[in-house]
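Here are the chains, one letter per residue:
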Amino acid sequence: MNLSTWSIHRPVPTIALFLVLCVLGAVSFMRLPVTQFPNVDLPIVTVTVADPGAAPREITDQITKPIEDEISSISGIRHITSTTSDGTTTITVEFELSKDKNDALNSVEDSVATVRSTLPDSITEPVVKRIDVAGRPIVTYAVADPTRTIENLSYFVDNTIARRLQGVDGVGQVSRLGGADREINVELDPDRLLALGITASQVNDQLRATNIDVGSGRGDLAGQEFSIRTLGSVDTVAKLAATPLSLSNGRTVRLDQLGTVTDGSEEPRTFALFDGEPVVAFGIVRETGKSDLDTAEGVKKELASIRKDYPNLRISEIDDSTVSTRNSYDNAMETLYEGAALAVIVVFLFLRDWRATLLTALALPLSVIPTFFVMELLGFSLNTLSLLGITLVTGILVDDAIVEIENIVRHIRMGRRAFEASEEAANEIGLTVIAISFTIVAVFAPVGFMGGIAGEYFKQFGLTVAVAVLFSLLVARLVTPMVAAYFMRDAEKPEKERDGVFMRGYMHVLNWTLRHRFVTLLLGLGIFAGSIYSATLLPTEFMPPIDSGRSAVSVELPPGSTLADTRQATRTITKRLMTMPQVEHVFVDGGTNSIATANLTVDYVDRDKRDLTAKQLEGVIATKLASIPDVRMHVTNADGNRDVQVVVLGDTVEAASKAAEKLAEGMKTLPGVVDPSTSAALTRPEIRITPKPELAAKNGVTASSLASTIRIATIGDTEANMAKFNTGDRRIPIRVSLSDKVRDDLFRMANQRVPTTTGKPLPLGVVADIHFSDGPATIERYDRHSQTKVEADLAPGTPLGPVLEKIHNLPAARNMPNGTSIKNAGDAEIMNEVFSSFALAMGAGIMLVYVVLVLLFASFITPITILLSLPLAIGGAILALYVTDRAISLSVIIGFLMLMGIVTKNAIMLVEFSVQSMHRGSSRLDAMLDAGHKRVRPIVMTTIAMTAGMLPSAISTGTGSEFSAPMAIAVIGGLLVSTLLSLLFVPSLFSAIDAFRERVGRGFARLFARRPAEQPAE
């Protein structure tokens, strides 16, 4: 007794099973987090080291390279990249996926600790932390309050708003953008210092030593133990200003007699603007594993409460990525419902039986709802990829039920009672249904186990489809026959099957193809060759342009520009952008990498309120901003990446920069490439101080003491070495520096006193030479080589693949100088990795399909017929893409993967029926003709049902449809063409292969046949 028969005779366990599964699935669906992308935990560790005032080249030589060299000895490292800018360096270590995350973090920490003693004393303590890939703000807000200063508002955001929001379920981090921290600024008068014989460094050291509270032990007095404290800190700025400082002649001077003491903010190095107005902004990063939508909703409720508690506070929403996530989720659900409805309508049009249609409709929820339960067990979320799998598998999920119910209806119309027909039909079609489902699972399961970063992202897609298909198989074998046995009506009288025009025409053509197998197979081979060739006619790209409702603009001013220049330039850009009716808001994050750079986020109005896509608007913005002088701008996608990214590696910064410049010049000649540029195009001005060897040595002046003196005089000491002002609940840094007029006057700088071993300070200009020069503003490295990026935009309609091929064929790329090399970056690098991973997954899928079919058919030869039907789908997919003007992208590759599982269905239905007929004694020709006659209707029904299920995805214009539409188009085209071709070519192919199998079998039988033993002579 098989499963179907058992379920028909014992319906209660089946009903109970699916009732439990549906309840569990419904509960899991409500608990599943909704995110934009899957939660991916990659072993990536960063090391951040700051050395205030140090230039990028010195930081690279003294900090970055030693740390890179030490870290490189750790096992399991994939790549080491670093970015060094003014005063800071960030080293990113990417490990292989097999590396344990905690082990990776500990290994990097140990390496940094080992090399720490060799690094300069002026650096801050290195910060080693693991990167959370989901750590991007899901919502961003701007805060303004006319009653607060910028530093008070910044503290309010850090202390009050951040603390309250971190109590919201799902909030992982609250990060502030813009604003300024509170500082006590001591600006010294250089003339007063010179007159009194004291330096800024000495003032800073005395403040740090005196303005401090220190524990001083404990003592016993009168039988009690007391703790002893030494309290030297002051509690008001006025008392701090009156702090006496000792001079070298034994006298003292008040601090405020040396300069001014003010309670203010730190020197701003960043800023934030919202629609041109200065704001303090903050972003919300969700906790890993939580829902974007629930977290954003909780944040909005808490902010509403904060507004009530602080009426003067104005909190404005800058960006909400959850809107796009919500729209994608809603669009996926609508597509699922529409596809299911269309698939059910197709069944009704073919069978014209509402009971059979209802049975088919029942299969979809019974397959999808339990899938959510397994998704929760596996730690999945409802994200772009998992929802994509569910929506695209809609037609497949009713496929098994259609095959079952069509066979049951056919048996009922032959005169069988519904109960008997359900049992007979289920037994007859059982192997076919199992083979169809397991081949689809065999195709998608390898996607869930792909290696690399691509595998981490597509795991949820592949396994979601595989699980849903397995549940659909369970429904087809347990529920559909059982419900049909009790729900379907007996036929009043047997109906004689009459062939229509289509059936008679098909049988006539099929009979001809079977009698002319050679010609048929030759035509099939020609169609396959044409399909392969046609694939080369389509361009390739990584991802189709996706309209996320926003774009980014990167802004870079000339070297030496001040923060005020950057702020004014971004205000001008914002003003121009706000004149566009499609632009709703503009947010500026200024000073991100340096004070001469800024990133703008341009939010558009809703998609239904504008005629242009985000990609088209990016071209309009580029044209509108082109006339702004002395600003280098690039309009990018929402992620801030340009279309083309190529990296030039070299042994030195200069070698990489020169090779990159030549490559960029060559790219300007390529059609479709817009505004190529390199990251090494600009250098920043520097003032270089070089000690005079003899005089410096004579007076005990070192380069280190010179650097310390000038650093404290211009920007103050490092925060760790600053004195602190105690307010009771906060410790505010006291920054000691010279007045701004010193930095603006090279002569005054040269006149600054430097401490010597003789005790008499000397002017800086006496012991060192001061001159102007320039140097790189940023130094980037990749795997311990200097790196220079070459980036460009693509003209509208220009795919990435052909452009990359042309770039690598440029003379500058083919004849790279010694010590330099070129590699793809950005989308190009990811595209190669993802496409390679999918190629391996496809190969593994084909092998698994073959293994499954061998086990099911108990034959090594018969499955070859089914596998050879796979190429028949390629031509249809390519034709559909060509007609709709689509390129071969990642979504299309996923569509090809789906076709591999779907196309084998037709061949399985034909071959399995033919094999069973031949086992019952039919000839090969009669078996194939009977298979075509009996199986053409379910084949056409399932094809049209799957096409109808994917049609909403193909024609959708909602959020996220840019990715799913090309996939659905490729699947529909391949499905329709492959169905037509498989109905004609598979029978001939099976006939030829089976004939070959018989001849080979007879040959082996004769070869290994045992001869009868000779009879002994009488």
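About the cut-offs
- Residues numbered from 1 in each chain as written.
- Predicted model: local features only at pLDDT ≥ 70, side-chain atom pairs only at ≥ 80, totals over all residues.
- Heavy atoms only, no water.
- Pairing = 2+ DSSP bridges.
- Helix = DSSP H or I, 4+ residues; strand = E, 2+ residues; numbered from the N terminus.
- Axes fitted to C-alpha atoms, helices over the stretch in contact; angles between N-to-C directions.
- Parallel < 35°, antiparallel > 145°, perpendicular 65-115°, else oblique.
- Left-handed = near helix turned anticlockwise from the far one by under 90°.
- Contact = heavy atoms within 4.5 Å.
- Nonpolar A, V, L, I, M, F, W, Y, C, P; charged D, E, K, R; others polar.
- Buried < 20%, exposed > 50% of the residue type's maximum accessible area, 1.4 Å probe, protein only.
- Salt bridge = Lys/Arg side-chain N within 4 Å of Asp/Glu carboxyl O.
- Expected span 1.5 Å × (residues − 1).
- Arc of directions from axis to C-beta.

A. Here's a closer look at the sheet that holds strand S25 (residues 731–738). As summarised here, the arrangement of the four strands in space is S12-S7-S25-S24, forming an open sheet in which the pairing is mixed. With one partner strand each, in any of the chains shown, strand S12 (259–265) and strand S24 (723–726) form the two edges of the open sheet. Each strand axis lies, on average, 30° off the axis of its neighbour in the sheet, ignoring direction.

B. Looking closely at the packing of helix H2 (residues 11–31) against helix H16 (residues 452–487). In contact at an axis separation of 11 Å, H2 and H16 are set at 130° when each is read in the N-to-C sense. The angle between H2 and H16 falls in the class oblique. For the pair H2 and H16, the sense of crossing is left-handed. Mapping the contact onto sequence places Pro11, Thr14, Ile15, Leu17, Phe18 and Leu21 in H2 and Phe471, Leu474, Val475, Leu478, Val479, Met482 and Tyr486 in H16. For the contact of H2 with H16, a count of residues per class yields twelve nonpolar, one polar and no charged.

C. Quick look at the pairing of strand S19 (residues 597–604). For S19, the tally of buried residues reaches six of eight residues, placing the bulk of the element in the interior. Examined bridge by bridge, strand S17 (residues 550–556) and S19 share seven bridges and lie antiparallel to one another. The residue of S19 that forms the bridge with serine 554 is asparagine 599. Here strand S18 (residues 583–590) runs beside S19; their pairing, made up of seven bridges, is antiparallel.

D. Here's a closer look at the pattern of salt bridges. Applying the stated criterion across every chain yields a total of 33 salt bridges. Residue aspartate 103 pairs with lysine 99 through a salt bridge whose shortest N-O separation is 3.3 Å. Residue class for aspartate 103 comes out partly exposed when judged on its relative accessible area of 35%. Residue classification places lysine 99 among the buried positions, given a relative accessible area of 12%. Residues aspartate 169 and lysine 290 are paired through a salt bridge, measuring 3.5 Å at the closest nitrogen-oxygen approach. Within this pair, whereas aspartate 169 is found in the loop between helix H5 (150–166) and strand S6 (171–177), its partner lysine 290 is found in the loop between strand S15 (280–286) and helix H9 (292–309), the two being separated by 121 residues in sequence. Among the residues examined, aspartate 169 registers a relative accessible area of 58% and is labelled exposed.

E. Representation of the sheet that holds strand S5 (residues 139–144). The strand order across the open sheet formed by four strands is S6-S15-S5-S16, and the pairing between neighbours is antiparallel. Single-partner strands in this sheet number two, and they are S6 and strand S16 (314–320). Strand-to-strand twist in this sheet, taken as the mean axis angle between neighbours without regard to direction, amounts to 25°. Pairing of S5 with S16 involves six bridges; the strand directions are antiparallel. The residue of S16 that forms the bridge with tyrosine 141 is glutamate 317. Seen against the sheet, H9 touches S5, S6, S15 and S16 and runs at an angle of roughly 165° to S16. The sheet contacts of helix H10 (residues 321–351) involve S5 and S16, and relative to S16 the element is tilted by about 50°.

F. Representation of helix H18 (residues 517–535) within the structure. Helix length check: H18, at 19 residues, gives a terminal C-alpha distance of 27 Å against a target of 27 Å (1.5 Å per residue), a fit within 8%. Residues of H18 that are buried include every one of Thr520, Gly524, Ser531 and Ser534, and no others. One side of H18 holds all its buried residues, which, seen down the axis, span an arc of 85°. For H18, the exposed residues lying more than 90 degrees away from the buried face are Phe518, Leu525 and Tyr533.

G. Expanded view of the packing of H9 against H10. Axis separation between H9 and H10 bottoms out at 10 Å; the angle between their running directions is 135°. The angle between H9 and H10 falls in the class oblique. In this structure, H9 crosses over H10, and the sense of that crossing is left-handed. Facing Asp292, Leu293 and Ala296 of H9, the residues of H10 in contact are Thr322, Thr325 and Arg326. Partitioning the contact of H9 with H10 into residue classes produces two nonpolar, two polar and two charged.

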